[in-house]
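Here are the chains, one letter per residue:
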Amino acid sequence: MLLLGISSLTLTLLCFSSWFLWGEAQVLATCSNTVPLKHRTDNISITEFGGVGDGRTLNTKAFREAVYRIQHLAKEGGTLLYVPPGVYLTEPFNLTSHITLYLASGAVIKATQDSSNWPLIAPLPSYGRGRELPGGRYMSFIHGDGVQDVVITGENGTIDGQGDAWWNMWRQRTLQFTRPNLVEFVNSRDIIISNVTFKNSPFWNIHPVYCSNVVVRFVTILAPRDSPNTDGVDPDSSSDVCIEDSYISTGDDLVAVKSGWDEYGIAYGHPSSNVTIRRVSGSSPFAGIAIGSETSGGVENVVAEHINLYNMGIGIHIKTNNGRGGYIKNIIMSYVYVEEARTGIKISGDDGDHPDDKFDPNALPIVKGVTVKNVWGVKVLQAGLIKGLKNSPFTEICLSDINFHGVTEPRTPSWKCSDVFGFAHQVSPWPCSEFISHQQGSCASYS
């Protein structure tokens, strides 16, 4: 039996207060909830269940039996499952409530690459089908459904999805179902993910969906730039989420806030709200901080601040489409540094595909109340592209204290805009004529 000296460890979701000021209304978005990394009264090791970290032995039975023991012989205060140094090859497995999965330094939990033994699960109701293909989807490598008080942490051990086999199936179009995420929590709450490296996910890396009170801190997420759809962290129809102090370098968006897909997301009606992203850095051929494009349940009260982005496709990207419905509102992105990017800021109403032909093209999204301020960029090809919808223009878009360098080519305008109304203050190069100069330098009120 292991007795780990972690009783003094407490991971606290730092309190902060960020005021969204829209006219006379004030909406307080706060991460005032605290999710502690609890002292577990029970400690076990994967080796007690036959776990072997030689990189060859299949440890599926060991992980599943350990989780079963925690679930059915529950101890007050929960149980810590310790993974010592070594490489533990395993098929996917589920977590249970009141568990800490603790990876020691040098510990690697590595996914098998045999998709024939990978469990299939039902599509998410807010998507109506798998995100890539009709029908079900492969279960995530590490999965939690309807759980609470779950911690994945340690001494910067690694969870390795061995995604290259899945990426090749995607490229060769031999997939039968949507690829698995690396870690997914569904209908869960009080989740902490910290001090772990996530590597080579088959699809999205960390996907909390229909969750609340989620903390992702001090993580490293890595995948090759050409790995398809390997988003870093995707809060999806979830509330009170904080993502901070992390490095992400993948083949798709570093962080993407979502809430369902077209008619399925509209019907499910579960927004993402109160999401905080701060002190995140990384690199990607796509976006650094993204909202969308699946936002049919609505996204509101998002703060992203102190973000450092390098070698990017797009720095900040807010994206939606006809048929999405839903809304994107009360968004603040500030103190963002972008170095070498195709586009600094993009807010687009023609992004993303549709699950089927049943979507309503008249279900128009509302994009309102977006503030982007204190942004500095160098080697940025195009400063901004803001393209609203003709029958649903983007409104109350405020740009303040933004400076992009190296943004122009001969005969190429620095900004392109349409169907948008907003204000700008101290933006260089100056944005489109759709933006009215706001001399007071404040985005707090509009006239």
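- Going by an unreviewed UniProt entry, the protein chain carries the name Probable polygalacturonase and comes from Abrus precatorius.
- Recorded in UniProt under Sequence similarities (unreviewed entry), the annotation for the protein chain is "Belongs to the glycosyl hydrolase 28 family."
- UniProt lists a comment for the protein chain under the heading Subcellular location (unreviewed entry), and it reads "Secreted, Cell wall".

## Comments concerning the overall build of the protein chain
Okay, step 1: Regarding its fold elements, the protein chain presents three helices and 30 strands.
Okay, step 2: Restricting the contact set of the protein chain to residue pairs at least 6 apart, pairs at least 24 apart contribute 77%.

## A few points about helix H2 (residues 164-172)
Okay, step 1: When H2 is considered as a whole, its buried residues turn out to be Trp 166, Trp 167 and Met 169. Taken down its axis, H2 places every buried residue within 160° of arc, on the same side.
Okay, step 2: Looking at the buried residues of H2, the elements they touch are strand E11 (137-138).

## Regarding the environment of Tyr 210
Okay, step 1: Tracing the sequence through the fold places Tyr 210 in the loop between strand E18 (206-209) and strand E19 (212-217).
Okay, step 2: Considering only alpha carbons, one finds Tyr 210 and Ser 237, 27 residues apart in sequence, at a separation of 5.1 Å.
Okay, step 3: Among all residues touching Tyr 210, those that are not within four sequence positions of it are Leu 124, Pro 125, Ser 126, Val 186, Asn 187, Ser 188, Asp 236, Ser 237, Ser 238, Tyr 268 and His 270.

## Some details on the side chain of Asp 351
Okay, step 1: Relative to the helices and strands, Asp 351 is located in the loop between strand E25 (327-348) and strand E26 (366-387).
Okay, step 2: At 3.3 Å, the side chain of Asp 351 forms a polar contact with the side chain of His 317.
Okay, step 3: Setting aside its immediate chain neighbours within four residues, Asp 351 contacts Ser 293, His 317, Lys 319, Thr 320, Asn 321, Arg 324 and Lys 346.

## Some words on the state of the cysteines
Okay, step 1: All chains considered together, the criterion is met by one disulfide.
Okay, step 2: Between the sulfur of Cys 417 and that of Cys 432 lies a disulfide, 1.9 Å long from S to S. Its torsion about the S-S bond being 70°, the disulfide of Cys 417 and Cys 432 is classed as right-handed. Here Cys 417 is found in strand E28 (residues 415-418), whereas its partner Cys 432 is found in the loop between strand E29 (420-428) and strand E30 (435-437), with 15 residues between them in sequence. In this structure, Cys 417 and Cys 432 share a single accessibility class: buried.

## Overview of the nonpolar core
One broad rule of soluble globular proteins: the nonpolar side chains tend to lie buried together.
Okay, step 1: Membership of the largest hydrophobic core comes to 93 residues, with the highest contact counts inside it found for Ile 152, Phe 185, Ile 193, Phe 198 and Ile 277.
Okay, step 2: Excluding its chain neighbours within four sequence positions, the residues that come into contact with Ile 193 are Ile 152, Val 183, Phe 185, Phe 198, Ile 206, Val 215, Val 216, Arg 217 and Val 219.

## Here's the deal with the side chain of Ser 140
Okay, step 1: With respect to the helices, strands and loops of the structure, Ser 140 is situated in the loop between E11 and strand E12 (142-145).
Okay, step 2: The exposure class assigned to Ser 140 is buried, which follows from its relative accessible area of 1%.
Okay, step 3: Among the polar contacts made by the side chain of Ser 140, one reaches the side chain of His 143 at a distance of 2.7 Å.
Okay, step 4: At a separation of 3.5 Å, a polar atom in the side chain of Ser 140 contacts the main-chain amide nitrogen of Glu 184.
Okay, step 5: Once residues lying within four places of it in the same chain are set aside, the contact partners of Ser 140 are Pro 92, Trp 118, Pro 180, Asn 181, Leu 182, Val 183 and Glu 184.

Conventions adopted
Residues numbered from 1 in each chain as written. Predicted model: local features only at pLDDT ≥ 70, side-chain atom pairs only at ≥ 80, totals over all residues. Heavy atoms only, no water. UniProt positions renumbered as here; feature names shortened; annotations may be inferred. Helix = DSSP H or I, 4+ residues; strand = E, 2+ residues; numbered from the N terminus. Contact = heavy atoms within 4.5 Å. Buried < 20%, exposed > 50% of the residue type's maximum accessible area, 1.4 Å probe, protein only. Arc of directions from axis to C-beta. Polar contact = N/O pair within 3.5 Å; in protein donor to acceptor, adjacent residues only side chain to side chain. Disulfide = S-S within 2.5 Å. Core = buried A, V, L, I, M, F, W, Y, C linked by side-chain atoms within 4.5 Å.

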